[in-house]
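# Architecture and fold: a report
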Amino acid sequence: TLQGGIVFGNYIAIILAGAAYIAISQFMSSLTESQIISALLSVVTLAVFLLLDVLFTRTEIDIISQVCSFLSIIVRYVNFSQGMFSFDDVVYFVSIIAVFIFLSVRSLEKRRWS
């Protein structure tokens, strides 16, 4: 049924978005030794990713609006929450997760060897 697709889409969206948030926060945590600074950096970064579409959609420069819409987590999340399963959205979330985990590992390796 249609309701089953919407419920399944929401579960997938929550899991992917949560994993992306954790990866981003983990990277912010790897940049500093202070837990408070790490938490503040994480909140600010996640707020930017969440509000990217809202903040820059009204710009007069069309390319900025398109890039911000492409990078926005909310735009990708809404597709899943409406029951629309898109391979592009899955690739987006997996890419965000992979990039930030890679950056975390590199940051920790740099700290280990310095």
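Right above here is the structure, for reference.
Here we summarise the structure given alongside this text. Along each chain, residues carry numbers from 1 onward, in the same order as the chain's sequence is written. Side-chain atom pairs in this predicted model are given and counted only at pLDDT of 80 or more, local residue features only at pLDDT of at least 70, and totals for whole chains, interfaces and linings cover all residues. As a rule here, side-chain values cover all heavy atoms of the structure and leave hydrogens and water aside.

Turning our attention to the overall build of the protein. In terms of helices and strands, the protein carries 5 helices and 0 strands. Over its C-alpha atoms, taken along the principal directions, the protein stretches across nearly 55 × 40 × 25 Å. Summary of the burial criterion: residues with accessible area below 20% of their type's maximum are buried, those above 50% are exposed, and those between are partly exposed, where the area comes from a 1.4 Å probe applied to protein chains only. Burial statistics for the protein: of 114 residues in total, 28% are counted as buried. Contacts: residue pairs with any heavy atoms within 4.5 Å of one another. The contacts of the protein with a sequence gap of at least 6 include a subset with a gap of at least 24, amounting to 54%. Comment: elements are numbered from the N terminus, with helices defined as DSSP H or I runs of at least four residues and strands as E runs of at least two.

So, on to helix α5 (residues 87-113). Taking 1.5 Å per residue as the helical rise, α5 with its 27 residues ought to reach 39 Å, and the 39 Å between its terminal C-alpha atoms agrees with that figure. Of the positions making up α5, those classed as buried are Asp-89, Val-90, Tyr-92, Phe-93, Ile-96, Ile-97, Phe-100, Ser-104 and Ser-107. By definition here, a helix of n residues has an expected span of 1.5 Å times n minus one.

Convention adopted: a line fitted to C-alpha atoms gives each axis, helices being fitted over their contacting stretch, and angles between N-to-C directions are expressed from 0 to 180 degrees. Running from N to C, helix α4 (residues 73-81) and α5 point in directions that differ by 135°, and their axes come no closer than 10 Å. By the angle class used here, α4 and α5 are oblique. Crossing angle aside, the handedness with which α4 passes α5 is left-handed. Here Ile-73, Arg-76, Tyr-77, Asn-79 and Phe-80 of α4 lie close against α5, whose contacting residues are Asp-88, Asp-89, Val-90, Tyr-92 and Phe-93. Should an angle fall under 35 degrees it is called roughly parallel, over 145 degrees roughly antiparallel, and 65 to 115 degrees roughly perpendicular, with every other angle called oblique. Definitions for this section: a left-handed crossing has its near helix turned counterclockwise from the far helix by less than a right angle. A right-handed crossing has that turn clockwise.

In this section: α4. Given 3.6 residues per turn, any residue in an α-helix points the same way as the ones three and four places further on. When we look at burial in α4, the residues that qualify are Ile-73, Arg-76 and Phe-80. Down the axis of α4, the buried side of the element spans an arc of 75°, and every buried residue falls inside it. Here a polar contact is taken to be a pair of N or O atoms separated by no more than 3.5 Å, where protein atoms must pair a possible hydrogen donor with a possible acceptor and residues adjacent in sequence count only if both atoms sit in side chains. Regarding α4, its N-cap is Ser-72, as a side-chain oxygen of that residue lies 3.4 Å from the backbone nitrogen of Ile-74 further along. One or two residues past the end of α4 sits Gly-83, with phi positive at roughly 90°. Throughout, the arc means the angular range of directions from the helix axis out to the C-beta atoms.

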